[in-house]
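Spelled out, the chains give:
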Amino acid sequence: VPLSINQIHTSVTAAGRIGYASPAAASGGSGFTYRSGKNLLYEGSIIAGVSAAQISSSSRGTTAVPDQDFIQLAAEPLTLLRPGSLTDEESTLSLKDDHANAPMNILVKQHTFASKSAGMEDFIILRYQITNQGAQTLSNFHFGLFFDWDVDEDQSDANRVDYDAGRRLGYVYNATAEPGTHVGCALLSEGTVSYRAILNDELAPGNPGWGIYDGFSDAEKWEAISSGTAIQQAGSGDVSQVVAAGPYQIQSQQTITVDFALLAGDDLAALQGHTDKANEFRNQVLLTTADSAVLHLKA
């Protein structure tokens, strides 16, 4: 369904991807545009796991076909609300990781919030409520979002990915058009963050780690969502990023809440300001007493 109430136009999909349901074909969605500009996103997706051997994701895998570990819960399909209960535009989607190689038995409820109010038009909040439906405690659980940005489709190999540690904001921009549009994702929830800057071409000179042109393995996904913030910059080149929260210990039938902001701005200073606004918005609008109780159930 399209999210288009403010300056950011994107889509959420029943497959658990953001932008396009089918990234390689750029179909099943509207990508990601800012202020009615060009599309800036190749793929956005979910990665969750407790180890390299137990990953559930909607990201690309080791083949051209994206992982489809999550399936939409038939009783709670993707729904668009205008207005929503708290904001001008909301969407809801419930996913289960039944199709993973080693399911964690998690229910992931995705809820997006967008506002057209002045000063709040440059971000979308992505809230994930993750319930452990299994009988066993999930230990060392991490949950993150992967984005492969192409800030200028004509020169996607001139992008840079960087990190603002104070805001827990990963961002991407085109190095040949600086200053210019900046896009990114920030972890808004309290707790430990992992961030990974990725230079997609593993053979590129100066690559700080592995790439994903040769596939995005579960071992790489696990490293991206769980290894802290050691690799914060990559490029110039074709770049991606992962922003993740954890570790969590989720008891059987317990729910945790993880909030991210998906953002854009005309330059870095604007993007940073929009991140501050997203935090303010979350604190004022989304953090009710009940939500706070859930957020602080972390072990």
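Above this note sits the structure.
> Honestly, the packing of aromatic side chains in this entry has me stumped. Any pointers?
When we look at a pair of aromatic rings, we describe it by the centre distance and by the angle of the planes. Under the counting rule described, the total for this entry stands at 10 aromatic pairs. For the ring pair Phe123 and Phe281, a centre distance of 5.5 Å and an interplane angle of 65 degrees mean the geometry is edge-to-face. Here Phe123, found in strand β10 (residues 123-132), pairs with Phe281, found in helix α2 (residues 268-286); they are 158 residues apart in sequence, far enough to count as distant. The pair formed by Phe123 and Phe281 is uniform in burial state, with each residue classed as buried. Measuring from ring centre to ring centre gives 4.9 Å for Tyr128 and Phe143, while their planes differ by 45 degrees; the resulting arrangement is tilted. Here Phe143 lies in strand β11 (residues 138-149) and Tyr128 lies in strand β10, a separation of 15 residues in the sequence.

> I keep staring at helix α1 (residues 218-226) and nothing clicks. Help me out?
Think of an α-helix as turning once every 3.6 residues; residues three or four places apart then point the same way. Every buried residue belonging to α1 is among Glu220, Lys221, Trp222, Ala224 and Ile225, and all of these are buried. In this fold, the buried residues of α1 make contact with β4 (41-51), β5 (54-57), β11, β15 (193-199) and β17 (239-250). Looking one or two places after α1, you find Gly228, whose phi comes out positive at around 75 degrees.

> Where do I start with unusual backbone geometry in this structure?
Following Arg82, the chain continues to Pro83 via a peptide bond in cis, the omega torsion being -5 degrees. Position of Pro83 relative to the elements: it lies in the loop between β7 (79-81) and β8 (89-96). Cis geometry is found at the peptide bond from Gly235 to Ser236, where omega equals 15 degrees. Positive phi, normally seen in glycine, also occurs at Ala26, with a value near 50 degrees.

What counts, and at which threshold
- Residues numbered from 1 in each chain as written.
- Predicted model: local features only at pLDDT ≥ 70, side-chain atom pairs only at ≥ 80, totals over all residues.
- Heavy atoms only, no water.
- Phe/Tyr/Trp six-rings, centres within 6.5 Å; stacked < 30°, edge-to-face > 60°.
- Helix = DSSP H or I, 4+ residues; strand = E, 2+ residues; numbered from the N terminus.
- Buried < 20%, exposed > 50% of the residue type's maximum accessible area, 1.4 Å probe, protein only.
- Contact = heavy atoms within 4.5 Å.

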